[in-house]
Every structure is written in structure tokens, then in C-alpha cells.
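Descriptive analysis of the structure
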Amino acid sequence: QVQLVESGGGLVQAGGSLKLSCAASGSIISINAMGWYRQAPGKQRELVATITSGGSTNYADSVKGRFTISRDNGKNTVCLQMNSLKPEDTAVYCCNAEVQIRRTWPSWGAYWGQGTQVTVSS
């Protein structure tokens, strides 16, 4: 099975920085896109950033210029560097990955981590 584990969340003051990491492990043949999502209390889950296997990135407008997504294909890891944090960034952050798990159909599946809490104080 495939497992995604996030780390790096915590409590930080407004204007501070945090770096989140997510490592995928298990029966992985390859990984296409990876991404970060977040969900705040009372709000719907929203896309934060995505990155393809080739390194193309996409960001939510609310985090552009402040967050940077990156990945290490050799380690099956995706990171999210978060700078200039704001109280409205407070949420549970989850990583996801589109994973090829076998060479016969169906070969791809979507997997999610358990989430890590990010709290930004004013």
C-alpha cells in the first residue's frame, strides 16, 4: 500500500515561516502530480499548490509570492515552504499524490496524507 506522511506543521507568529514535508512510501512505481491542500474550520478544502513530475507548478492566488512548492523525485517527497504567514493561513494541510501502483490496469490511484496543523497567531 501507499502511505503519505506530512511533517513540519506547528504554531508560528504572523510574518513567520514554516516548511512542510510529505514523504510517500510503499508500492510505488512512479508519481505524477503531487500537491498540497488545506482546510480551515468551517470552510471547504482548497488547493494550495501543485507540482508535476516535470516540475511545473501551480498556486492558489492567495499564496502566490509567499509559498513555494518543490519535490524530490528520488525520495518521493514534496515540500511546501511557507513565508510571510498570515492568520488566514491557519488550517490543516494535507498532501496528495497521483501514484502509479501497478503495471496492469487500473494502474493509478490518488492518495492523501493524514494532515498537519498549521496555526498562525496574530
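The notes below deal with the structure included here. This one's a predicted model, so the numbers in the text were calculated from it and none came from an experiment.

What follows is about the layout of surface pockets. There is about 160 Å³ of room inside the largest pocket. Taken together, 13 residues line the largest pocket, and the ones lying closest to its centre are R38, K43, E46, E88 and D89. Within the lining of the largest pocket, the residues separate by chemical class into two nonpolar, four polar and seven charged.

So, on to the state of the cysteines. The full count for this structure, using the stated rule, is one disulfide. Shown here is the disulfide that connects C22 with C95, its sulfur atoms set 1.9 Å apart. The S-S bond linking C22 to C95 shows a torsion near 45 degrees; that makes this disulfide right-handed. Here C95 lies in strand β9 (residues 91–100) and C22 lies in strand β3 (residues 18–26), a separation of 73 residues in the sequence.

For the rest of this paragraph, the subject is the sheet that holds β3. The four strands lie next to each other as β1-β3-β8-β7, forming an open sheet whose pairing is antiparallel. Every interior strand has two partners, whereas the edge strands, β1 (2–7) and β7 (67–72), have only one. Across the sheet, the axes of successive neighbouring strands diverge by a mean angle of 15 degrees, strand direction being ignored. For β1 and β3, the ladder comprises six bridges, and the chain directions are antiparallel. Looking across to β3, one finds that V5 is bridged to A23.

Our focus in this paragraph is the pattern of salt bridges. The final tally for this structure, using the stated rule, is four salt bridges. The partner of R38 in a salt bridge is D89, and the shortest N-O contact between them spans 3.0 Å. Of this pair, R38 sits in strand β4 (residues 30–39) while D89 sits in the loop between β8 (77–82) and β9, and the two are 51 residues apart along the sequence. When sorted by exposure, R38 lands in the same class as D89, which is buried.

About the thresholds
- Residues numbered from 1 in each chain as written.
- Predicted model: local features only at pLDDT ≥ 70, side-chain atom pairs only at ≥ 80, totals over all residues.
- Heavy atoms only, no water.
- 1 Å grid on protein atoms, 1.4 Å probe; cavity = no way out; pocket = protein on both sides within 12 Å on 5 of 7 lines; lining within 4 Å.
- Points joined across faces, edges and corners; volume = space filled by probe spheres on them.
- Nonpolar A, V, L, I, M, F, W, Y, C, P; charged D, E, K, R; others polar.
- Disulfide = S-S within 2.5 Å.
- Helix = DSSP H or I, 4+ residues; strand = E, 2+ residues; numbered from the N terminus.
- Pairing = 2+ DSSP bridges.
- Axes fitted to C-alpha atoms, helices over the stretch in contact; angles between N-to-C directions.
- Salt bridge = Lys/Arg side-chain N within 4 Å of Asp/Glu carboxyl O.
- Buried < 20%, exposed > 50% of the residue type's maximum accessible area, 1.4 Å probe, protein only.

Nothing here speaks to function; it is all geometry.
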